[in-house]
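Survey of secondary and tertiary structure
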Amino acid sequence: MKHLELWLGIGLGITVFLLWIGVDLTPVVLLAGIGFVLYLVTQGKLGRNVQIAGNQAITRVDTGVRFDDIGGQEIAKRELLEALDFVRDQARIQELGIRPLKGILLTGPPGTGKTLLAKAAANYTDSVFVSASGSEFVEMYAGVGASRVRQLFNKARQMAKKINKHNAIIFIDEIEVIAGKRGGHTSHLEYDQTLNQILVEMDGIKPDEEVKIVVIGATNRGDLLDSAITRPGRFDRQVKVDLPDKEGRMHILNIHSKGKPLAQEVNLEEVAKDTFGFSGAHLESLINEAAIMAYRRDRTVIQMEDIREAIDKVIMGEKLERRPNPGELKRVALHETGHALISELLRPESVATLTVIPRGKALGFMRQSQTEEQYLYTKEYLLDQVAICLGGAMAEDLVYGNWSTGAANDFEQATSITKQLIVNGLSRLGIIQEDLAGKERIHEVMTELLEEQKQRVRSLFKDRSLLLNNVTGVLLQQEKISGAWFREQLKSA
Ligand code: ADP
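Everything numeric here is computed off the predicted structure, so don't read it as measured data.

What about the site of the ligand?
With respect to spatial proximity, 16 residues lie near the ligand, and among them Gly71, Gly111, Lys114, Thr115 and His256 are the closest. Against a free-state accessible area of 560 Å², the protein chains account for coverage of 80% of the ligand. In terms of residue class, the shell around the ligand is built from five nonpolar, eight polar and three charged.

As structure tokens, this is what we get:
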């Protein structure tokens, strides 16, 4: 501080002298102003979020996220809380001589709430929260990554001291970018140096430090991580953050629809059932999109119709302006009805909606609802799925005697499922080693299985061409039909 006053005094003296001899000081004053603002920004005196120079790391005093704001993920929350209690209960930990917890690794698909969990962890442990993403560390210049890691750890310590906190959480997203298996990057050693620096910093965390640091890493590719990082004493805890199940989805939908006006008829349980495979981020976006739909339709409450449309949008993307010509549209409607018919015949109650409104890359689509969560698949299940995939092209074939390129995606899916069936030992080849069985043999069995399913679909269509035609007509007219309506037609046919 004394230095600052001395320099200010000297600066003032020089300024007065220069003004006295008639020098124009405008550029100097401007430069000094810019310098001062930059100083405040780097010192974190402007606002609560602090940017580390040359790096996007962000420091927060209060992340504003509590564990109650995170839906589903009960197991992940429990495991994380258990680990965090070590941080909170320092006295007991030291009494028992337990090694301090240095790192927690959150692994799971994108959008499942890993960042949210890390932020909630910071609040729970009354820590400063510093975050950065793996990709920000890596540049073409050697040593930059390592020095950024050092800066990140220093920043966390400084910030915590400044506001009298004893804990800091450093959150590193996409940690696989820097903590991938060492030696795997042939281009340069930058990644390895960055990883080494993280390991050095983590090894340097001591139990009696003034500020206790816990590093939380997040990745959706846990398999890519160098084993050095998961060794005891580094990322000691690994917490899996999976896609939510139906109950979890319901919980997340409840959290995000709080404060939004939902119509009486809205049944979030039904929405949870219809959104199999959605992450927390998808569900958040779904509720937001539904509110936008309601706004566009000038409604005061969000209705089920808005939610259904939002589901389609989240899965397939925004509606396209470009409309197919009437001939194409008829083919698309027939194609989707074909999928739906096979789906409903093989798995009653499985059709959620049918549409011919072009969205994203698709001209139309049939959405299936999952009646129950499934983690293992039998041969019968997989073959039924292949038949459902082929239903679209086979319906086109029935009416036009050929199919269009619209079936390309279905074929890709159908071949991938048959391959899955073969490599899992469920085909006539029995249990095989994929590399040793030979590509041609596998291909031969694949073609056989696909041909069998094609015949099966054809026989299911037999005697149902009138129904196929009628539903196609209504779909063309209404652009969208519900699974319930479709089932009624099937029953009365
Ligand atoms: P990740 O870090 O796993 O990629 P995020 O934590 O960044 O995912 O989640 C992104 C957004 O998605 C969050 O801001 C939140 O709105 C929503 N979200 C994700 N998972 C959940 C969840 N389990 N509960 C509530 N909201 C969630």
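After that view of the structure, there is still more to cover.
A look at the sheet that holds strand 10 (residues 480-482)
Across the sheet, which stays open at both edges, the three strands sit in the order 9-8-10 with antiparallel pairing between neighbours. What marks the edges here is a single partner per strand, and that holds for strand 9 (365-368) and strand 10. Direction aside, neighbouring strands of the sheet carry axes that sit 15° apart on average. Strand contacts of helix 15 (residues 326-346): strand 8 (351-355) and strand 9, with the helix running at about 170° to strand 8, the strand carrying the most contacts.

Details of empty space enclosed by the protein
A water-sized probe rolled over the atoms picks out the places where empty space is left. With the rule as written, the count across this model stands at two cavities of 30 Å³ or more. In this structure, the largest cavity occupies an estimated 120 Å³ of space. Forming the walls of the largest cavity are 14 residues, and the residues nearest its centre are Val87, Gln90, Pro100, Leu101 and Lys212. Mapped onto the lining of the largest cavity, the elements with two or more residues apiece are helix 3 (74-88), helix 4 (90-96) and strand 6 (212-219). For the lining of the largest cavity, the element with the most residues is strand 6, which contributes three residues. Of the residues belonging to the lining of the largest cavity, the class tally is 10 nonpolar, one polar and three charged.

Here's the deal with the nonpolar core
If you look at soluble globular proteins, the nonpolar side chains tend to sit buried side by side. Ranked by internal contacts, the top residues of the largest apolar core, which has 42 residues, are Leu341, Leu354, Ile422, Phe461 and Phe486. The biggest single contributor to this core is helix 16 (residues 379-400), with 10 residues. Once you skip the residues sitting within four places of it in the chain, Phe486 turns out to touch Thr337, Ala340, Leu341, Glu344, Val351, Leu354 and Val471. Residues Ala160, Ile178, Leu199 and Val215 belong to the second largest nonpolar core, which totals 30 residues.

About the criteria used
- In this numbering scheme, every chain counts its residues from 1 along its sequence in written order.
- Whole-chain, interface and lining totals are the exception, using all residues; otherwise, since this is a predicted model, local features are given only for residues with pLDDT of at least 70 and side-chain atom pairs are given and counted only at 80 or more.
- Heavy atoms throughout the structure, all of them, feed into the side-chain values; hydrogens and water do not.
- For this purpose, a residue is taken to be near a molecule or strand whenever a single non-hydrogen atom of the residue falls within 4 Å of it.
- Using a 1.4 Å probe, the Shrake-Rupley method yields the accessible areas, and only the shown protein chains count as cover for residues.
- In the scheme used here, Gly and all other residues not listed as nonpolar or charged are polar, with Ala, Val, Leu, Ile, Met, Phe, Trp, Tyr, Cys and Pro taken as nonpolar and Asp, Glu, Lys and Arg as charged.
- Two strands form a pair only when DSSP identifies at least two bridges running between them.
- In this text, helices come from DSSP runs of H or I with a minimum length of four residues, and strands from runs of E with a minimum of two, each type numbered from the N-terminal end.
- Comment: axis = line fitted to C-alpha atoms, over the contacting stretch for helices; angle = value between 0 and 180 degrees taken between N-to-C directions.
- A contact between two residues is defined here by any heavy atoms of the two lying within 4.5 Å.
- With a 1 Å grid laid over protein atoms only, a set of points is called a cavity when a 1.4 Å probe fits there but cannot get out and a pocket when it is open yet has protein on both sides within 12 Å along at least five of seven lines; lining residues have an atom within 4 Å of a point.
- Grid points are joined across faces, edges and corners, and a volume is the space filled by probe spheres set on the points.
- The criterion is simple. A nonpolar core is a set of buried Ala, Val, Leu, Ile, Met, Phe, Trp, Tyr and Cys residues joined through side-chain atoms within 4.5 Å.
- Relative accessibility thresholds used throughout: buried, under 20% of the residue-type maximum; exposed, over 50%; partly exposed, between the two (1.4 Å probe, protein chains only).

This is a description of form; function is not addressed.
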